Every structure is written in structure tokens, then in C-alpha cells.
Amino acid sequence: MELEYIARTIILDDIKRKKLIESYKNGKDKVYNIKIDCILSSLSKQLNKKNMDLKLLEGYLIFLINISSSLSNEEQKLIINYGNKLIKHNIKILNSNQKLIVAVSLILKEAKKENIEVIFRIDDNESNTLMMMPSVTRYHKTYELKGIITLSSDVLESNLKSDEHLIILLFMFYHEFEHLRELNYLNNTRINSKEKINSLKEFVITFILGCGKFYSYYHDSFSIERKADKYAYIKTISLIEKLELQNQLPLLKLVRKTYNDNRAYDTISETEFEKLLNKCYRYIIKNKSNELKELCLYMPVLKEVTKKQKKLV
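Overview of the structure. (Residues numbered from 1 in each chain as written. Predicted model: local features only at pLDDT ≥ 70, side-chain atom pairs only at ≥ 80, totals over all residues. Heavy atoms only, no water.)

### Here we look at helix H2 (residues 14-25)
Stage number 1. Relative to the 16 Å expected for 12 residues at 1.5 Å per residue, H2 spans 16 Å between its end C-alpha atoms, a close match to the ideal helical length.
Stage number 2. The set of residues buried in H2 consists of Arg17, Leu20, Ile21 and Ser23. Considered in projection along H2, the buried side chains sweep an arc of 165° and stay on one side of the axis.
Stage number 3. Its buried side turned inward, H2 meets helix H1 (2-12), strand E1 (30-31), helix H3 (36-47), helix H4 (54-66) and helix H6 (96-114).
Stage number 4. Backbone geometry just downstream of H2 places Gly27 in the positive-phi region, at approximately 75°. (Helix = DSSP H or I, 4+ residues; strand = E, 2+ residues; numbered from the N terminus. Expected span 1.5 Å × (residues − 1). Buried < 20%, exposed > 50% of the residue type's maximum accessible area, 1.4 Å probe, protein only. Arc of directions from axis to C-beta. Contact = heavy atoms within 4.5 Å.)

See the structure below:
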């Protein structure tokens, strides 16, 4: 009974839970002089009771999302089911933890449809960050692509109303997930068009030069960014309409405004952008060859494209 009480106290308290998360991520055996395995085992038993304590479940799900590891099918099911309950209840009164669970649950559902794995990582050291980076596991001649969606904790806080903030969060999450969908598609298709080649080049520039002047200045002209915004727009609008909320109209307007604001600076022609894209890519081939080789591990299909492009340099 004592362990059950201690485990419950740790998982329900934001500060104590954070220490549990950090200890677990750092590979420590104990936290508060108690074995972490014992704490998690106790929590699992409590959550398997018929009358599940939803607050306890909520704290446990935040733990799962924060430990930055692959989620089992059962863990994903817990997050998705609780996310469904939260979003159907009253999204006007969700706290930051609940909004995170809703966003993660919806992305996990999309990932299941696409047969892609997503890992979530909360970074307390960054600010105003939400991004997707690829990760790959190699099995002989096959590759398993995963997406790591990283967000800073301050992204979960906002002065906006709960429902408005959730909708913007969902738009952002869907945007990042679409990058993973596009990568997965390019990795599993023939690169037989200029459009696909250019998309691969854009990913290369995004991941290698990230905050470089070209990417940051022409961000809105990247086709992968336009596709991600369009996907986020369609998915978020569809969700709002499906929920049949009383304040549906203001939320729909918010999504449209978010989408239009992201597209507000497209001032360069496609022809001029393509010239700059190729110039930047040639720079990478000449000066960032090691980074390019590493990126080929994440995108095996990039190897063939790189060979062809090197001939043009």
C-alpha cells in the first residue's frame, strides 16, 4: 500500500514526475531512493483496475510521451483512447498536459494508418521549437524510418483560450507529421520526376543547413513546407467540422488565418526559386559531403539522386 501511495504521489505531481522522467531517460535505477521498475509496476497495476483513476492515467501518459522512446501498441492505445475522451469532452478547459495528450493521440492515429512510427521528445532547453527529424534503423538491406517530433515545453503554454491554442498546436503537429509522411513516400517510390528530385533537395537543405539564410529566407517557397501546411490545414479543418463544436466558426477562421499567415511571404517565382535551390544543393555537394553521406542513411533513395547530381556539379 505504501508503494502504491508513493507511485501515485510521484506521477500526479509535475515536479516529482519530471524527476522520474529525467532519471528514467538517464538510465538510473532509482528515483527518491525507490527502484523505478517498482514504481512503474505499481502504476501499471493501478491502471489495470476496473475503475481507472483518470488523473493517474493522465500523469502516466505524460510520462510515456516524455521519455522519448518507442511506444508499445498498448501504450499507444492508452494515449489514443484518452485523447479521444478529452477532445470529445470540452476542449475549452484543457490544461497543457491534456492538450499534449490530444495532439499526440491524433498524430499516433495518423501514424498507424501510414504504418510509420513516431517518437515524441519534450525539450526543456529549447524555446519556441516544434520540429521533426528522421531516424532510421537498418535491417540488412531494409530500412525502418521513424520520425522524432521534438517540441519545447513553452509551446504548450499560451495566453490563447484553451480551444484556440489546441487548434494551433494541432496545425503545427500535423505540419510536422506531413514532413514524415512525405519522407516515407519518397523513400518508398521511384524518383522519376523533377518534382520528387526537388523535394529531396529541399529535405537535404532543410536538415543540413537548417537555419541557414537560404532556408530561413525562402522557407515559404519550399514545396515541402507548402505541402505540410496544406495537409495541416485539411486535417485541422476536418477535425473541427467533425467535432461539431458550438464555436466552430471562430476556430475555422483561426485555422484559415494560420494557413494564410504562413503563406504570406511567397514573393519569388518558381523558376527563380529552383535556380537558387540547385545553387544551394551544389554548395552542399562540394562543401558538406560528410553531412550528405550521413543523410543518405536516413533517406536511402537519396544515394542514387546524389550520384546523378554530382555529375552535374
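What follows continues from the structure just given.
### As for the state of the cysteines
Linking two cysteines covalently through their sulfur atoms gives a disulfide.
Stage number 1. Scanning the model with the defined rule gives zero disulfides in all.
Stage number 2. Distance from the sulfur of Cys296, which forms no disulfide, to the nearest cysteine sulfur (Cys280) is 16 Å.
Stage number 3. Here Cys296 falls in the buried class, since its relative accessible area comes to 8%. (Disulfide = S-S within 2.5 Å.)

### A look at the pattern of salt bridges
Stage number 1. Going through the model one piece at a time under the given rule, you end up with 14 salt bridges.
Stage number 2. In this structure, Asp53 and Arg8 form a salt bridge, with 2.6 Å as the shortest nitrogen-oxygen distance. On the criterion of sequence distance, the pair formed by Asp53 in the loop between H3 and H4 and Arg8 in helix H1 is long-range, its members being 45 residues apart.
Stage number 3. Judged by relative accessible area, which is 25%, Asp53 ranks as partly exposed. (Salt bridge = Lys/Arg side-chain N within 4 Å of Asp/Glu carboxyl O.)

### Observations regarding the packing of aromatic side chains
Stage number 1. Per the stated rule, a full pass over the model turns up 13 aromatic pairs.
Stage number 2. For the ring pair Phe177 and Tyr231, a centre distance of 6.4 Å and an interplane angle of 45° mean the geometry is tilted. Placement of the pair is Phe177 in helix H7 (residues 162-187) and Tyr231 in helix H10 (residues 223-243), with a sequence separation of 54 residues.
Stage number 3. Each ring, one from Tyr233 and one from Tyr259, has its centre 4.9 Å from the other, and the planes form 40°; the classification is tilted. With Tyr233 in helix H10 and Tyr259 in helix H11 (residues 248-262), this pair connects stretches of sequence that are 26 residues apart.
Stage number 4. Taking relative accessible area as the criterion, Tyr233 reaches 23% and is therefore assigned partly exposed.
Stage number 5. Taken together, the ring pairs connect Phe214, Tyr215, Tyr217, Tyr218, Phe222 and Phe273 into an aromatic cluster. (Phe/Tyr/Trp six-rings, centres within 6.5 Å; stacked < 30°, edge-to-face > 60°.)

### Observations regarding the nonpolar core
Stage number 1. One finds Phe63, Leu100, Phe120, Phe173 and Leu302 to be the most contacted residues of the largest nonpolar core, which totals 93 residues.
Stage number 2. Take this core: its biggest share by element is 11 residues, from H7.
Stage number 3. Among residues more than four places away in sequence, those in contact with Leu100 are Ile62, Ile65, Ile122, Leu151, Leu156 and Phe173. (Core = buried A, V, L, I, M, F, W, Y, C linked by side-chain atoms within 4.5 Å.)

### Here we look at the packing of H6 against H7
Stage number 1. Packing of H6 against H7 brings their axes to within 10 Å, and their N-to-C directions diverge by 25°. Taken together, the axes of H6 and H7 lie roughly parallel to each other. The hand of the H6/H7 crossing is right-handed. Contacts between H6 and H7 pair Lys99, Leu100, Val102, Ala103, Leu106, Ile107, Glu110, Ala111 and Glu114 from the former with Ser162, His165, Leu166, Leu169, Leu170, Phe173, Tyr174, Phe177, Arg181 and Asn184 from the latter. (Axes fitted to C-alpha atoms, helices over the stretch in contact; angles between N-to-C directions. Parallel < 35°, antiparallel > 145°, perpendicular 65-115°, else oblique. Left-handed = near helix turned anticlockwise from the far one by under 90°.)

### With respect to the sheet that holds strand E5 (residues 142-152)
The pairing of strands in a sheet happens through backbone hydrogen bonds and is either parallel or antiparallel.
Stage number 1. Strand order in the open sheet formed by three strands is E3-E5-E4, and the pairing between neighbours is mixed. Strands at the two margins of the open sheet, each flanked by one partner only, are strand E3 (117-123) and strand E4 (130-139). This sheet shows a mean twist of 25° between the axes of neighbouring strands, independent of strand direction.
Stage number 2. Here E4 pairs with E5 via 10 bridges, running antiparallel. Along E5, the bridge assignment pairs Val136 with Leu145.
Stage number 3. Together, E3 and E5 form the strand contacts of H6, whose direction differs from that of E3 by roughly 155°. (Pairing = 2+ DSSP bridges.)

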